[in-house]
Amino acid sequence: MKRSGSWLLLCALHAVASMLLWWAREGVVDVFIWRADGWTAQPWTLWTSAWVHLNTPQLIFNQIALGALTAFAWVIRPNWTCTLAWLLAWPLGQLSLLWWPQIGYAVGLSGLLHAGVAVLAVQLLRRRIPIPKAKRWGGLLALVLLGKLLLERGWAYPVVWDGANDMSVVQAGHLSAAAWGLLLGLAATWGPFWRLAGLPPAPSAAGR
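Residues numbered from 1 in each chain as written. Predicted model: local features only at pLDDT ≥ 70, side-chain atom pairs only at ≥ 80, totals over all residues. Heavy atoms only, no water.

> I would appreciate a short explanation of the overall build of the protein in the present structure.
Counting its secondary structure elements, the protein contains 9 helices and 4 strands. Buried residues in the protein amount to 45% of all 208 residues. Contacts spanning at least 24 positions in sequence make up 76% of the contacts within the protein whose residues lie at least 6 apart. When the accessible area of the protein is evaluated, it comes to approximately 10,700 Å², of which 69% is carbon and sulfur surface. (Helix = DSSP H or I, 4+ residues; strand = E, 2+ residues; numbered from the N terminus. Buried < 20%, exposed > 50% of the residue type's maximum accessible area, 1.4 Å probe, protein only. Contact = heavy atoms within 4.5 Å. Areas by Shrake-Rupley, 256 points an atom, 1.4 Å probe, with all protein chains shown as cover.)

Pasting the structure below:
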């Protein structure tokens, strides 16, 4: 399948929207934050909460991580099915936080970035992105992501306090987003899924 710039456009959207909300007034930003007890009245927060950051270190760290993901995508140029999988993981990762009643709200790009890495790892492992040594790159991404998730143990410690940055870290958000990235990344390689959706399936790539 022809490679596209859709992934890069989505990365640009995340970067620009995050900066715009950082500069917005506090009362305005509150409307964009996902909260477990009120998201049904503000369903758009399933998407917009990823663009909200609580302090400067969180914003800088996530923008650097987004920049790294963007640079990697610039080299490998994921096709539009990868972008669609990442788009679907966006709200689903946020919604899955309802499994943990101790999570009252969640903001920031970190969960969404975990989902993006998972999508790319699966696509590379399945050789759906036509680059040399695709499986090796995919294996490396998967190993790094899995190692981080195992160290965090988000299923047991869904929320932890980061004293250095004076904020709570919703580790369950990393776990749930990565899980959706994995599932949807796999779905993007499955021909029947796309036929049911009325879309052409993504062919295998020749990269090794």
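Still to come is the rest of the account.
> Before we go on, may I ask you to explain the pairing of strand β4 (residues 167-170) in this structure?
Residues in a regular strand project their side chains so that they alternate between the two faces of the sheet. In this sheet, β4 lies alongside strand β3 (residues 159-162) in antiparallel orientation, the contact comprising 4 bridges. Paired with D162 across the two strands is M167, which belongs to β4. The hairpin formed by β3 and β4 contains 4 residues between the paired strands, and D166 there has a positive phi angle of roughly 55°. (Pairing = 2+ DSSP bridges.)

> Would you explain the layout of surface pockets in this entry?
A water-sized probe, rolled over the atoms, reveals where empty space remains. Reported here for the largest pocket is a volume of approximately 1,000 Å³. If you go around the largest pocket, you meet 47 residues; those closest to its centre are N62, S110, G111, H114 and H174. Those elements giving two or more residues to the lining of the largest pocket turn out to be α4 (56-76), α5 (80-95), β2 (105-106), α6 (110-125), α7 (134-152), β3, β4 and α8 (171-187). Per element, the largest residue contribution to the lining of the largest pocket is 8 residues, and it comes from α4. (1 Å grid on protein atoms, 1.4 Å probe; cavity = no way out; pocket = protein on both sides within 12 Å on 5 of 7 lines; lining within 4 Å. Points joined across faces, edges and corners; volume = space filled by probe spheres on them.)

> What is the right way to read the packing of α6 against α7 from this model?
Contact pair α6 / α7: the axes reach a minimum separation of 7 Å and the direction vectors enclose 145°. In the packing of α6 onto α7, the handedness of the crossing is left-handed. Of the residues in α7, those in contact with H114, V117, A118, L120, A121, L124 and L125 of α6 are A134, K135, W137, G138, G139, L141, A142, L145, K148 and L149. Each residue belonging to the contact of α6 with α7 can be placed in one class, and the counts come to 12 nonpolar, 3 polar and 2 charged. (Axes fitted to C-alpha atoms, helices over the stretch in contact; angles between N-to-C directions. Left-handed = near helix turned anticlockwise from the far one by under 90°. Nonpolar A, V, L, I, M, F, W, Y, C, P; charged D, E, K, R; others polar.)

> Sorry, what's going on with the packing of aromatic side chains here?
Per the stated rule, a full pass over the model turns up 3 aromatic pairs. Both rings, one in F72 and one in W137, keep their centres 5.9 Å apart while their planes meet at 55°; by these two values the pair is tilted. Here F72, found in helix α4, pairs with W137, found in helix α7; they are 65 residues apart in sequence, far enough to count as distant. The class for W137 is partly exposed, based on a relative accessible area of 42%. Stacked on the ring of W74, the Lys or Arg R77 has its end atom at 4.3 Å from the ring centre. (Phe/Tyr/Trp six-rings, centres within 6.5 Å; stacked < 30°, edge-to-face > 60°. Lys NZ or Arg CZ within 6 Å of the ring centre and 35° of its normal.)

> Looking at this structure, how should I read the nonpolar core?
The nonpolar side chains of a soluble globular protein tend to be buried, and buried together. One finds W7, I76, W86, L109, L120, L124 and I129 to be the most contacted residues of the largest nonpolar core, which totals 35 residues. Apart from residues lying up to four places away in sequence, L124 is in contact with F72, I76, I129, I131, A134, K135, W137, G138 and L141. Among the nonpolar cores identified, the runner-up in size contains 9 residues, and W34, L97, W100 and I103 belong to it. (Core = buried A, V, L, I, M, F, W, Y, C linked by side-chain atoms within 4.5 Å.)

Fair warning: the whole summary comes from geometry, so function is off the table for now.
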